Amino acid sequence: MADAKVSNTFGLKTRVGSTPTFGTNQGKYMSNDLIIRSKCPVCSSTDFYAMCTMGKEYFETSKKGWNYKKTRNIIAGMDFEKNPNMEIKYNKCLQCGIFFTDKVIPIEDAFAKIYGDTKLGEEMFLSSSVNSIIDAVRRIRINSNLVSLGLKNSNSNLKVLDYGCGNGWDLSSFSNLKLEKIVGYNKYNYMFPVIKKYFQKNIILTSDKNELNKIGPFDIIRCNSVLEHVSDPNVVISDIYKLLKPGGYAYFSAPSIKFSEMKKNCKDVEKGIKVKNLHEGHLQIWNNNALSLSKFVHQNGFKIVPAIGGVPFENIANNLSSLRFFLGHIYRASEILKESMKIKLRINNHSAFFAKKIS
Ligand SMILES: [Zn+2]
């Protein structure tokens, strides 16, 4: 393994060796383990250098950008009153080129404690805003296109998995499509009771990988905003490969940026300006000038199906004859051509795309 667990750093109370009991202790589990990463989480190289450091200044100053969740971070071990020197660095791997944090703090355990034990989880789930509706529309578009890709290989009995199902919004968008099976997997199950309460009964929720293997294989798998949050992204990509049927489709989304953008981001971090992509939750960010997210997925047995605005290239191409009458679509068509060229050259740098399992 690339990581070493350490205890009692930055005031964390650890329970090293304790076994998580997901399923029986909903929301109660808290490991408080802090993982120090001594190797690249993707290629295991020990050849890396620090690009920038996020400390008290960065997390606590400036109200612009993402909000600093003080309670959650204190539970996860970032208590700057007790430990003013607590900091998280972004490293750049000299072997594969990805950017990764030098530490993994137990954020999910803190979420589980906050949202699993109280009504806060339900309140978070029920809150709505214009942005959340816009986001829901985007998700529905992606999910319906994923289903349409899955139908290429199957008559109608589609089995769908949302790997890292979070609060279950995407499961609910699949649930209206009369699919054979809709399964949500999440390592942390603190939101399961809320999902069960508000969504249709035909959704299967599990945090047990053995159960997942028994239910699978799946025709389509959604893996949205998961790869950047896990301590070992290789486990996730190999899980998804194994859980997909041959020729099955997946949707991936995770941050993948240019090296020049990362350098600019790091300058902002040093100035105390908050950067959308750089925080304690983004444990790795792919590098478009070295190992982009799509290259990483491709290396793990997938053919990339590029998407524009959540619509896969294959589906747009089918409608090209009707699009040509509309001036506004010329730009889009040129983008598609550019993307298809990039795919041929394997240099596409999408951070959100569909992918077909090469069988
Ligand atoms: Zn690496």
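Residues numbered from 1 in each chain as written. Predicted model: local features only at pLDDT ≥ 70, side-chain atom pairs only at ≥ 80, totals over all residues.

Enquirer: Mind showing me how you'd approach the overall build of the protein here?
Expert: Regarding its fold elements, the protein presents 14 helices and 16 strands. If you take every contact in the protein between residues at least 6 apart in sequence, the share linking residues at least 24 apart comes to 74%. (Helix = DSSP H or I, 4+ residues; strand = E, 2+ residues; numbered from the N terminus. Contact = placed C-beta atoms within 7 Å.)

Enquirer: What's the story with unusual backbone geometry in this structure? I'm lost.
Expert: Leaving glycine out, the prevailing phi sign among residues is negative, and the prevailing peptide bond configuration is trans. Of note, the amide linkage connecting Gly216 to Pro217 takes the cis form, showing an omega dihedral of 5 degrees. Among the structural elements, Pro217 can be located in the loop between helix H8 (209–215) and strand E10 (218–224). Positive phi, close to 70 degrees, is recorded for Ser44, a residue that is not glycine. Tracing the backbone shows Ser44 in the loop between strand E2 (34–37) and strand E3 (48–54). The class of Ser44 is partly exposed, set by 14 C-beta atoms lying within 10 Å. (Buried ≥ 20, exposed ≤ 12 C-beta atoms within 10 Å, placed from the backbone.)

Enquirer: Teacher, can you tell me more about the sheet that holds strand E16 (residues 352–357) here?
Expert: Within a sheet, adjacent strands bond to each other through the backbone by hydrogen bonds, running parallel or antiparallel. What the 8 strands build is an open sheet, ordered E9-E8-E7-E10-E11-E16-E14-E15; its pairing is mixed. The open sheet has two edge strands, strand E9 (203–206) and strand E15 (311–312), and neither has a second partner. Both strand E11 (residues 244–253) and E16 contribute to a ladder of 5 bridges, which runs antiparallel. Directly across from Ala250, in E16, lies its bridge partner Ala355. Against the sheet, helix H5 (residues 130–150) contacts E10, E11, E15 and E16, and its axis sits at roughly 155 degrees relative to E10. Across the sheet, helix H9 (residues 233–243) touches strand E7 (159–163), E10, E11 and E16, and the angle it forms with E10 is around 160 degrees. (Pairing = 2+ DSSP bridges. Axes fitted to C-alpha atoms, helices over the stretch in contact; angles between N-to-C directions.)

Enquirer: Looking at this structure, how should I read the sheet that holds E3?
Expert: An order of E3-E4-E5-E13-E12 is seen for the 5 strands of this open sheet, with the pairing classed as mixed. A strand with exactly one partner marks an edge of an open sheet, and here the two such strands are E3 and strand E12 (256–257). Contacting E3, strand E4 (88–93), strand E5 (99–101), E12 and strand E13 (284–287), helix H10 (residues 259–271) crosses the sheet at an angle of about 40 degrees to E3.

Enquirer: Just to check I follow, could you spell out H5 for this structure?
Expert: Side chains that are three or four residues apart share a direction in an α-helix, a result of its 3.6 residues per turn. The terminal C-alpha atoms of H5 lie 30 Å apart, and with 21 residues this matches the ideal 30 Å at 1.5 Å per residue to within 8%. All of the buried residues in H5 are Ile142, Asn143, Asn145, Leu146, Leu149 and Gly150. In an axial view of H5, the angular spread of the buried residues amounts to 160 degrees, which keeps them on one side of the axis. Exposed residues lying more than 90 degrees from the buried face of H5 are Val130, Ile133, Ile134 and Val137. (Expected span 1.5 Å × (residues − 1). Arc of directions from axis to C-beta.)

Enquirer: Explain the environment of Ser172 here, please?
Expert: Secondary-structure assignment places Ser172 in helix H6 (residues 169–174). C-beta crowding within 10 Å serves as the criterion here: with 20 such atoms nearby, Ser172 is assigned to the buried category. Expressed as a C-alpha distance, the spacing of Ser172 and Gln200, which sit 28 residues apart in the sequence, is 7.4 Å.

Enquirer: Sorry, what's going on with the nonpolar core here?
Expert: What tends to happen in soluble globular proteins is that the nonpolar side chains get buried as a cluster. In terms of nonpolar packing, the biggest core is built from 84 residues, with Ile98, Ile221, Cys223, Ala250, Phe252 and Ala355 touching the most fellow members. When residues no more than four places from it in sequence are discounted, the contact partners of Ile221 are Leu161, Tyr163, Ile240, Leu243, Leu244 and Ala250. (Core = buried A, V, L, I, M, F, W, Y, C linked by C-beta atoms within 7 Å.)

Enquirer: It is not clear to me how the confidence of the model for the protein should be interpreted in this structure. Could you clarify?
Expert: Parts of the model with low pLDDT should not have their predicted coordinates read in detail. Mean pLDDT over the protein: 81, with 78% of residues reaching 70 or higher. Within the protein, the element-level pLDDT minimum falls on strand E1 (residues 3–6), averaging 46, and the maximum on E5, averaging 98. Residue range residues 1–31 is modelled with pLDDT below 50. Its contacts to residues more than four positions away, or to other chains, number 64 contacts. For the stretch residues 344–349, pLDDT sits under 50, and the model shows 11 contacts to residues farther than four places along the chain or on other chains. (pLDDT = per-residue confidence, 0-100.)

Enquirer: I tried to follow H10 on my own but got confused; where do I start?
Expert: Counted at 1.5 Å a residue, the expected span for H10 with its 13 residues is 18 Å, and the 19 Å between its end C-alpha atoms agrees. The first or second residue beyond H10 is Gly272, which carries a positive phi of 85 degrees.

Enquirer: When you look at the pairing of E2 in this model, what are you seeing that I'm missing?
Expert: Looking down a regular strand, the side chains alternate between one sheet face and the other. Burial along E2 is one-sided: Ile35 and Arg37 are buried, and none of Leu34 and Ile36, which face the opposite way, are. Relative to strand E6 (residues 103–104), E2 runs antiparallel, the two being bridged by 2 bridges. Considered in E6, the bridge of Ile36 is made with Lys103.

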